[in-house]
Amino acid sequence: MTESSSTQTHPIHQETKSPTIGVFDSGFGGLTVLRALLPLIPGAHCIYLGDTARLPYGSKSRETIARYAVSSAKFLLEQGADLLVIACNTATALALEDIQQALPIPVIGVVQPGAHAALAASSQPTVDGPHHVLVLATAATVQSHAYAHALNNLGLQACEKACPLLVPLVEEGWTNHLVTDQVLKIYLTEALATAPATQTLLLGCTHYPLLEPAIQRTLAAIGHPLTIIDSADATARATATLVARHFPNLASTAEPTCTFYATDSIDKFQRLGSSFLGQPVAEVNLIDLGG
Ligand code: DGL
């Protein structure tokens, strides 16, 4: 099953009730997708889950990631989600099919929208063959080669680089920090040494958009500026299209509302979540999804 085919396997609701959209990530990162989504879905209610107790997903096995991701997705279904956005590249890359099979609602991931965003950014033809896209992602996402497959299918050349230290640095709030700049310099220098023809940098983790200024700064410092893209906007647009298809009678102009859940660290979620979301995260509900 592909990310887009999931949109065709469920009946279209001719409903006027407001849609409830579940958005899930292992932590704060998916808030970058929610941030892009909110302006596109007036009248909707969003329920966001950050599985912070079990983060990071990106260093774990496929089986563990699938178990965590399915239980997180089922929680959002129980809270009334009509549609689910997996705002996590790792869960999309390793567990999309498991989630689609476990849930009777449309499920959309971030990898296909991210790959299409890379294609759109690489639309200028090159004389040297296909465009080269450097994908920064978690170790699990890189091992799955989900992005290499998606990009190759679109005629793009992929180089995937695992950056396991970036999620903990972002979760710590160190988005503008000397240590983070040094870590980025090592990762980017290593990656570009093996893929010098890279023209586009794809942020293959929903935590990484928070590092975009630091990445720009580091690329400038090492003399290799690149076009940086992430999947948040593309995923948000694909989700809005799906919502419109499933709720064709919805004509609300009301501000979307949000309810937040986390499995740990709710104070930190409240404190740091606002910088990911771009607006205050007023209240976070603590839940226990087990181990
Ligand atoms: N935000 C998740 C992603 O997009 C990664 C976080 C993790 O390793 O848990 O891959």
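A brief look at the structure comes next. Note that the structure is a prediction, hence the values are computed from the model and not measured.

1. Thoughts on the pairing of strand β3 (residues 83-86)
Regular strands have side chains that alternate between both faces of the sheet.
Item 1. Alternating positions in β3 separate into two faces, Leu83 and Val85 on one and Leu84 and Ile86 on the other, with burial throughout.
Item 2. As paired strands, strand β1 (residues 20-25) and β3 are joined by four bridges and run parallel to one another. Bridge pairing links Ile21 to Leu83 in β3.
Item 3. Taken together, the two bridges between β3 and strand β4 (residues 107-108) define a ladder with parallel strand orientation.

2. Quick word on the site of the ligand
Item 1. Of all residues adjacent to the ligand, which total 13 residues, the nearest are Ser26, Tyr57, Asn89, Thr90 and His207.
Item 2. Between the ligand and Thr90 there is a distance of 2.6 Å, counted from an oxygen atom to a side-chain nitrogen or oxygen.
Item 3. Between His207 and the ligand, the recorded distance is 2.8 Å, taken from a side-chain N or O atom to a nitrogen atom.
Item 4. Notes on the ligand: free accessible area 300 Å², of which the protein chains cover 99%.
Item 5. Residue composition of the shell around the ligand, grouped by class: five nonpolar, seven polar and one charged.

3. Quick word on the sheet that holds strand β9 (residues 257-262)
Item 1. A sheet is described by the order of its strands in space; here six strands give the open sequence β4-β3-β1-β2-β9-β10, paired in parallel fashion. Whereas interior strands pair on both sides, the edge strands pair on one side only; in this sheet they are β4 and β10 (284-286).
Item 2. When strand β2 (residues 45-50) meets β9, the two strands line up parallel, connected through six bridges. Counterpart to Ile47 in the pairing with β9 is Thr259.
Item 3. The strands touched by helix α2 (residues 62-78) within the sheet are β1, β2, β3 and β9, with β1 carrying the most contacts at an inclination of about 155 degrees.
Item 4. In this fold helix α3 (residues 89-102) packs onto β1, β3 and β4, with an angle of close to 160 degrees to the strand it touches most, β3.

How each quantity is defined
- Residues numbered from 1 in each chain as written.
- Predicted model: local features only at pLDDT ≥ 70, side-chain atom pairs only at ≥ 80, totals over all residues.
- Heavy atoms only, no water.
- Buried < 20%, exposed > 50% of the residue type's maximum accessible area, 1.4 Å probe, protein only.
- Helix = DSSP H or I, 4+ residues; strand = E, 2+ residues; numbered from the N terminus.
- Pairing = 2+ DSSP bridges.
- Near = heavy atom within 4 Å.
- Polar contact = N/O pair within 3.5 Å; in protein donor to acceptor, adjacent residues only side chain to side chain.
- Areas by Shrake-Rupley, 256 points an atom, 1.4 Å probe, with all protein chains shown as cover.
- Nonpolar A, V, L, I, M, F, W, Y, C, P; charged D, E, K, R; others polar.
- Contact = heavy atoms within 4.5 Å.
- Axes fitted to C-alpha atoms, helices over the stretch in contact; angles between N-to-C directions.

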